[in-house]
Amino acid sequence: MPESMDDSKMTATPLTRVLGILGIVAGVLMAVLGLFISPPDVVQGEAVRMLYLHVPSIWIAYGSFVLTSISSLLFLVRSRRREDGGRHYDRIAGSAAEVGVVFTGLTLITGMLWGKVTWGTYWQWDARLTTTVLLFVTYLGYLALRRLPADPIVRGRRAAVMALISFINVPIVHYSVDWWRTLHQKASLSVGRRPEITGEMYWTLLYSALTVTIVGAWLIVHRYRVIRLEEIRDEENLKMLISSRRHERPTGSAADGEVS
């Protein structure tokens, strides 16, 4: 049976509802741990509490852009081999990119608030901050490209290429604090390196990362389904338009009949 707007008017399922409730409960506990349980930092004081949202946000942004790039690459391959063009991967790429942009924006906002407390200013043209802004802007451009009117497969291929090009900036953002002298501190947690924080702050940060991951996954699933519903709506509108054109009476036919 073909899909239609009547087949699924909502993006939620029992599983996603459970995931959403889990995200809310985990978020409340994350707020309690970050604001009240975790102690202030020796150097940064109470400002360290912003890291429990700031750091997980950029992690989820990275992960979302990784998913966008992998899905875009798979779309480029499958679009030449499958009848449906592998549009499933294009939807994943788009939904992941939207969530990645949201969390990149959240990273910038929390970073500016943290900078005001620690640096005395909201903004510095620091290597980390500058490359993060470029990351935000390039993926906004990617999302804008996805909205341009064109054949879905052609548009998807163009967007996929841009997604792969935009991803080049992700490792640059991440390693900018190691490659250049910046005001931004080193990564609080990094693979192969001893954590910069310990104790309750360490575990609170890990828990915050898990919580934000749950929220990010929930958002990606819903955005995927919204994109699919939009495609179904456009397909049905196109069918209705074609059908109405076929049943239209040609202009002037009655007059021609009278003259003849």
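Use the structure listed above.
The sections below set out a description of the structure shown in this document. (Residues numbered from 1 in each chain as written. Predicted model: local features only at pLDDT ≥ 70, side-chain atom pairs only at ≥ 80, totals over all residues. Heavy atoms only, no water.)

Turning to the overall build of the chain, a few remarks are in order. What the chain contains, in helices and strands, is eight helices and zero strands. Traced from its N-terminal end to its C-terminal end, the chain shows the element sequence α-α-α-α-α-α-α-α. When burial is assessed residue by residue, the chain has 39% of its 260 residues classed as buried. Split by element, the accessible area of the chain, about 15,400 Å² in all, is 66% carbon and sulfur. (Helix = DSSP H or I, 4+ residues; strand = E, 2+ residues; numbered from the N terminus. Buried < 20%, exposed > 50% of the residue type's maximum accessible area, 1.4 Å probe, protein only. Areas by Shrake-Rupley, 256 points an atom, 1.4 Å probe, with all protein chains shown as cover.)

If you look at the biggest cluster of nonpolar residues, it comprises 23 residues, and the most contacted ones within it are Phe-65, Phe-103, Leu-135, Tyr-139 and Tyr-142. Sorting the residues of this core by element identifies helix 2 (51–78), helix 3 (87–118), helix 4 (127–146), helix 5 (152–166), helix 6 (169–179) and helix 7 (199–247) as the ones contributing at least two each. A per-element tally of this core places helix 3 first, with six residues. If we ignore the near neighbours within four places in the chain, the residues touching Tyr-142 are Thr-68, Ser-72, Ala-93, Gly-94, Ala-97, Ala-159, Ala-160, Met-162 and Ala-163. Judged by nonpolar contacts, the second largest core, of nine residues, contains Ala-47, Val-55, Met-201 and Leu-205. (Core = buried A, V, L, I, M, F, W, Y, C linked by side-chain atoms within 4.5 Å. Contact = heavy atoms within 4.5 Å.)

Inspection of the secondary structure assignment puts Arg-146 in helix 4. A relative accessible area of 17% places Arg-146 in the buried class. In this view, Arg-146 contacts Asp-90, Arg-91, Gly-94, Arg-155 and Ala-159; residues no more than four positions away in its chain are not counted.

We now examine a nonpolar patch on the surface. Side chains of Ile-24, Val-28, Leu-29, Val-32, Leu-35, Phe-36 and Ile-37 sit close together on the surface and give an oily, nonpolar patch of about 700 Å² of accessible area. With respect to the helices, strands and loops of the structure, Leu-35 is situated in helix 1 (residues 14–37). (Patch = residues over 30% accessible without salt bridge, like charges linked within 9 Å, V, L, I, M, F, W, Y side chains within 5 Å. Salt bridge = Lys/Arg side-chain N within 4 Å of Asp/Glu carboxyl O.)

With that out of the way, let us pick up the environment of Ala-26. Positionally, Ala-26 belongs in helix 1. The exposure class of Ala-26 is buried, given its relative accessible area of 8%. A C-alpha to C-alpha distance of 8.8 Å links Ala-26 and Val-212, two positions 186 residues apart in sequence. Excluding residues that lie within four positions of it along the chain, Ala-26 makes contacts with Tyr-207 and Thr-211.

Right, let's get into helix 4. Every α-helical turn comprises 3.6 residues, leaving residues that sit three or four positions apart pointing alike. In a regular helix each residue adds 1.5 Å, so 20 residues correspond to 28 Å; helix 4 covers 29 Å between its end C-alpha atoms and thus fits that length. Buried within helix 4 are the following residues: Arg-128, Leu-129, Thr-131, Thr-132, Leu-135, Tyr-139, Tyr-142, Leu-143, Leu-145 and Arg-146. Here helix 4 starts with a cap whose side-chain oxygen sits 3.0 Å from the backbone nitrogen of Arg-128, and that cap is Asp-126. (Expected span 1.5 Å × (residues − 1). Polar contact = N/O pair within 3.5 Å; in protein donor to acceptor, adjacent residues only side chain to side chain.)

Looking now at the pattern of salt bridges. All chains considered together, the criterion is met by four salt bridges. As a salt-bridge pair, Glu-46 and Arg-49 come within 2.5 Å of each other at their nearest N and O atoms. In this structure, Arg-146 engages Asp-90 in a salt bridge whose closest nitrogen and oxygen atoms are separated by 2.8 Å. Linking Arg-146 in helix 4 with Asp-90 in helix 3, this pair joins segments that are 56 residues apart in sequence.

Helix 3 packs onto helix 2 with a crossing angle of 155 degrees between their chain directions and a minimal axis gap of 7 Å. Of the possible angle classes, the one that applies to helix 2 and helix 3 is roughly antiparallel. The two elements helix 2 and helix 3 meet at a crossing, and its hand is left-handed. Here the residues of the contact of helix 2 with helix 3 are counted per class, giving 19 nonpolar, 11 polar and three charged. (Axes fitted to C-alpha atoms, helices over the stretch in contact; angles between N-to-C directions. Parallel < 35°, antiparallel > 145°, perpendicular 65-115°, else oblique. Left-handed = near helix turned anticlockwise from the far one by under 90°. Nonpolar A, V, L, I, M, F, W, Y, C, P; charged D, E, K, R; others polar.)

Summed over the entire model, instances satisfying the criterion amount to seven aromatic pairs. Ring centres 5.4 Å apart and planes at 75 degrees place the aromatic pair Trp-114 and Trp-119 in the edge-to-face group. Overall, the relative accessible area of 8% leaves Trp-114 in the buried class. Aromatic ring contacts, followed pair by pair, group Phe-65, Tyr-139 and Tyr-142 into a single cluster. (Phe/Tyr/Trp six-rings, centres within 6.5 Å; stacked < 30°, edge-to-face > 60°.)

Turning our attention to the packing of helix 4 against helix 6. Orientation of helix 4 relative to helix 6, taken along the N-to-C sense of each, is 165 degrees, at an axis distance of 8 Å. Taken as axis vectors, helix 4 and helix 6 run roughly antiparallel relative to one another. The two elements helix 4 and helix 6 meet at a crossing, and its hand is left-handed. Across the interface between the two elements, Ala-127, Arg-128, Thr-131, Thr-132, Leu-134 and Leu-135 of helix 4 pack against Asn-169, Val-170, Ile-172, Val-173, His-174, Ser-176 and Val-177 of helix 6. Of the residues in the contact of helix 4 with helix 6, the class split is seven nonpolar, five polar and one charged.

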